[in-house]
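Structure assessment
So the chains spell out like this:
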Amino acid sequence: MGCTQGGSDMRALAICIAVLGQILVANAAFARPQDPDANAATAFCDFDDNQQISVRYNNAASKDEPRNGKVWLPGGKPLTLFAGAPITLNNSPIPAGAYSVYVIPNRKDWTLIVNKNVTPGAAYDQTQDVARGPMELGEVESPAGQLQISFAHVGPKQCSIRLYYGKIGAFAEFMEK
């Protein structure tokens, strides 16, 4: 049925306007902005005394590929570390609180960086680093198409963070103080 105007077609025009109005309302309902946290994931680890550390990260497929020697922000923003108790990374003390976490990948080694600047959208500032630690590297059989993070509770006061991307697995240990 076409939407035309004429003496006998006024009823058809009214129906067309009503249908178009319903389509516009339906499109507006479905055109809501995407939730920015829709791709957020959290990994956590409990120490034996029930204190916890966790990392919140964007697990969407990353357009930003890791480059040797450059600070990497998977998903375009840093990971966020929440420490419920004082911890250490590479013997550097990290007080309880929230931190940004960055990674510097290289061919043979990666570095995990804990930074005190948690301002959303802020550029990485090395002077804000609280701790840096080397990450052990390994190769995984099934490549991860997007960043995956988990923790392993490897001792009463020890949690190992595990980052998987592509065929690389990178690991570093946090110790509770």
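Throughout what follows, the structure given in this document is the object of discussion.

Some words on unusual backbone geometry
As a rule of thumb, non-glycine residues mostly have phi less than zero, and peptide bonds are mostly trans rather than cis. Despite not being glycine, N50 shows a phi value in the positive range, around 70°. You can call N50 exposed: its relative accessible area is 67%. In this structure, N90 is a non-glycine residue whose phi angle is positive, near 55°. Looking at the element boundaries, N90 is found in the loop between β4 (87-89) and β5 (92-94).

Quick word on the sheet that holds strand β2 (residues 52-58)
A sheet is described by the order of its strands in space; here nine strands give the open sequence β1-β2-β3-β6-β7-β8-β9-β4-β5, paired in antiparallel fashion. Each having just a single partner strand, β1 (40-46) and β5 make up the two edges of the open sheet. Neighbour to neighbour, the strand axes of the sheet diverge by 35° on average, direction disregarded.

Observations regarding the packing of aromatic side chains
Tallying each qualifying case throughout the model produces four aromatic pairs. Seen in terms of ring centroids, Y164 and F171 are 6.0 Å apart; in terms of plane orientation they differ by 75°. Their pairing is edge-to-face. Since its relative accessible area comes to 21%, F171 is described here as partly exposed. A connected cluster of aromatic rings, assembled from ring pairs, spans W72, W110 and Y165.

Definitions and cut-offs
Residues numbered from 1 in each chain as written. Predicted model: local features only at pLDDT ≥ 70, side-chain atom pairs only at ≥ 80, totals over all residues. Heavy atoms only, no water. Buried < 20%, exposed > 50% of the residue type's maximum accessible area, 1.4 Å probe, protein only. Helix = DSSP H or I, 4+ residues; strand = E, 2+ residues; numbered from the N terminus. Pairing = 2+ DSSP bridges. Axes fitted to C-alpha atoms, helices over the stretch in contact; angles between N-to-C directions. Phe/Tyr/Trp six-rings, centres within 6.5 Å; stacked < 30°, edge-to-face > 60°.

Taken by themselves, the reported measurements are silent on function.
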